[in-house]
Amino acid sequence: MEKKYSYTEFMKSIGRSTSSAHAEKLLNEIYMDLFLKRLHREQIRERLNGLVNQSLDNRDESAFLAYSNELLKFEECN
């Protein structure tokens, strides 16, 4: 399940909360979520690059085309 955060929601949460600890916890959760998403994207990119290189080493044209297209689609989404 993907979480969506907005500045407005964050400010509403802070306004409802009398404690700065709650706001800090929410902010930490947002930063952790962003960090993990970034890390996951980098892992996917590295894996696809590795598969592209491996298919080149093996002279496997069909695998090269498939992984290259997948990498291009991935890069377009990000």
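See the structure shown above.
The structure presented is a predicted model; accordingly, all values stated were derived computationally and were not measured. (Residues numbered from 1 in each chain as written. Predicted model: local features only at pLDDT ≥ 70, side-chain atom pairs only at ≥ 80, totals over all residues. Heavy atoms only, no water.)

A.B. asks: How should I be thinking about the overall build of the protein in this particular structure?
C.D. replies: Helices and strands together make up the secondary structure of the protein, namely three helices and zero strands. In sequence order, the protein lays out its α and β elements as α-α-α. Within the span of the protein, comprising 78 residues, buried residues form 22% of the whole. Long-range pairs, those at least 24 residues apart, make up 43% of the contacts in the protein with a sequence separation of at least 6. Only carbon and sulfur atoms are counted for the fraction: they give 55% of the accessible area of the protein, which is about 6,600 Å². (Helix = DSSP H or I, 4+ residues; strand = E, 2+ residues; numbered from the N terminus. Buried < 20%, exposed > 50% of the residue type's maximum accessible area, 1.4 Å probe, protein only. Contact = heavy atoms within 4.5 Å. Areas by Shrake-Rupley, 256 points an atom, 1.4 Å probe, with all protein chains shown as cover.)

A.B. asks: How should I be thinking about a nonpolar patch on the surface in this particular structure?
C.D. replies: On the surface, a nonpolar cluster with roughly 390 Å² of combined accessible area is contributed by Met32, Phe35, Leu36 and Leu39. When you line up the elements, Leu39 lands in helix 2 (residues 20-57). For Leu39, a relative accessible area of 39% translates into the label partly exposed. (Patch = residues over 30% accessible without salt bridge, like charges linked within 9 Å, V, L, I, M, F, W, Y side chains within 5 Å. Salt bridge = Lys/Arg side-chain N within 4 Å of Asp/Glu carboxyl O.)

A.B. asks: Help me out: how do you make sense of the side chain of Arg45 in this one?
C.D. replies: Within the secondary structure, Arg45 is located in helix 2. Beyond its immediate stretch of four places on either side in the chain, Arg45 contacts Leu71, Phe74, Glu75 and Asn78.

A.B. asks: Looking at this structure, I do not really get the pattern of salt bridges. What am I missing?
C.D. replies: Any two side chains of opposite charge can pair if their charged atoms end up close together. Under the definition given, this model contains three salt bridges. Of the charged contacts, one joins Lys37 and Asp33 as a salt bridge, the two residues approaching to 3.5 Å between their closest N and O atoms. Of this pair, Lys37 and Asp33 both sit in helix 2, separated by four residues, roughly a single helical turn. On the basis of relative accessible area, Lys37 is assigned to the partly exposed category, the value being 28%. Among the salt bridges present, the one from Arg45 reaches Glu75, with a minimum N-O distance of 2.6 Å.

Geometric values such as these leave the question of function open.
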